[in-house]
Amino acid sequence: MIDFSLSSQQKALLETARDFAAREIRPVAVEYDRDGTYPEEICKKAHQLGLMYTNIPKAYGGTGMSFVEHYLVTEAMNYECCAIAQVIGISHLATGALMIGATEEQKKKFIGKMTESYRSACFCLTEPEAGSDAGVMKTTAEKKGDRYIVNGLKCYITNGVYADLLCLFATIDKSKGTKGICCFAVPRDTPGISVGRIEDKMGHRAMNVAELIFDNVELTKENLIGGEGQGFKLAMMALDRGRANITAVSTGIAQKALDEAAKYANTRVQFGQPIGNFQGVSFLLADMNALTMASRAMYLQVGWMLDNNIRCSTEAALAKLFASDAAMKVTTDAVQIMAGSGYMKGAVVEKLMRDAKLTQIFEGTNQINRMVAGRGILGKTCTLF
Ligand code: COS
């Protein structure tokens, strides 16, 4: 009844992703991290191979993978460098909201245009005073006749510098709380949009994060996704998918750290034998592998639920918090096993440990994900069958 085997087509897909990541991402991962280089050339190549818009249906220029396939490819790409891989896959969250709420015409217009070349989208939700409490945003979309005039500032916007399409959330009526929030698809060249501060980050350094400023940006009904007041729900539904995606990202990070640590434990000789022979090290490796396996099983489950149109808000929150905490522990233990040689700048596991930290923070801190999951569990506990 349960079958984890992949079809020949899925195997080929995964092989393509692994091969691409090993060939194009691995050799530059440490250097791009050090210099904070935007991986434009790598994105162009990923686009040519169909690895850029994996979750977008073919009708809108994507590769049309199922969620399970998309997350498998996400893990494979993130294994070599989560920052570069996430720039490649960045559009999934913004297009997620559009795929759920946009009309056929809007999907063709906004997503179809983006996928023509290696263009990308960004998800503009967070503000300086509306992070975990996303519903209290101050960016306004003032109605004037049949137009919406947007003013405000969004911060910590991943890919904010380069995105060509913005999935923007703004309120038409603050007094309505979350029910006043609207979602807009906004082409980058719309007048009035500028980039503010560009962040310098601890990890994920090849992935740019910036402020975006909206100064009298004029939009119309054509930009409005899903009707007035539908924006908050669209953001939350997109985040369900995004949190499953972070589970796959975290699994890729953890698997790489585990592989690096196991390789080291097999070859590093102390007291006359490889250090992996000592229980102090092999028990760490066992726990690291258990966490990584469980993380993978969780994104496969949530992906399967999404493929079958089963609501997975609680499961996605649980998967995200588990896998990101796991990635943090696994990468920290990998540095511990590799000791001095793992801690130094330029070591793969040193980078992985810094990268893992963000997975506990973005797309909802793990405290918020525990809150989302806790609320859901009070309604119904999660079981698979
Ligand atoms: N799917 C569908 N609908 C959802 C939903 C989901 N996953 N989550 C919430 N909703 C709906 C609720 O059902 C509610 O609708 P009704 O008023 O019709 O019942 C509405 O949205 C408001 O939800 P809620 O009352 O739960 O909102 P709160 O303000 O209490 O809390 C949290 C919302 C904290 C869960 C939300 O603000 C959140 O996820 N914050 C973190 C934001 C985040 O992840 N930021 C990262 C940005 S991207 S890096």
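Quantities reported herein were computed from a predicted structural model and do not represent experimental measurements.

Another point: the site of the ligand. Taken together, 23 residues are adjacent to the ligand, and Ser132, Lys179, Arg243, Gly364 and Arg375 come closest. Within the side chain of Arg243, a nitrogen or oxygen atom sits 2.9 Å from an oxygen atom of the ligand. For the ligand, an oxygen atom lies 2.7 Å from a polar atom in the side chain of Arg375. The protein chains hide 73% of the 1000 Å² of surface that the ligand would expose on its own. The set of elements that each furnish at least two residues to the shell around the ligand consists of α8 (231-267) and α12 (366-379). Residue composition of the shell around the ligand, grouped by class: ten nonpolar, six polar and seven charged. Domain assignment of the residues forming the shell around the ligand places at least three in each of domain 2 (121-227) and domain 3 (232-379).

So, about the pattern of salt bridges. One pass over the structure, following the stated rule, counts 25 salt bridges. Close ionic contact of Asp19 with Arg23 constitutes a salt bridge, the shortest N to O distance being 3.1 Å. Of the two residues, Asp19 and Arg23 both sit in helix α1 (residues 8-25), four residues apart, roughly one turn of that helix. Accessibility expressed as a relative area gives 43% for Arg23, which makes it partly exposed. With its nearest N and O atoms 2.8 Å apart, the salt bridge here joins Arg354 to Asp33. Linking Arg354 in helix α11 (residues 348-359) with Asp33 in helix α2 (residues 29-35), this pair joins segments that are 321 residues apart in sequence. Taken individually, Arg354 and Asp33 each receive the classification buried, so the pair is uniform in this respect. Each of Arg26, Glu80, Lys256, Glu260 and Lys263 takes part in salt bridges that share partners, so that together they form one network.

What counts and how
Residues numbered from 1 in each chain as written. Predicted model: local features only at pLDDT ≥ 70, side-chain atom pairs only at ≥ 80, totals over all residues. Heavy atoms only, no water. Near = heavy atom within 4 Å. Polar contact = N/O pair within 3.5 Å; in protein donor to acceptor, adjacent residues only side chain to side chain. Areas by Shrake-Rupley, 256 points an atom, 1.4 Å probe, with all protein chains shown as cover. Helix = DSSP H or I, 4+ residues; strand = E, 2+ residues; numbered from the N terminus. Nonpolar A, V, L, I, M, F, W, Y, C, P; charged D, E, K, R; others polar. Domains from an automatic or database assignment. Salt bridge = Lys/Arg side-chain N within 4 Å of Asp/Glu carboxyl O. Buried < 20%, exposed > 50% of the residue type's maximum accessible area, 1.4 Å probe, protein only.

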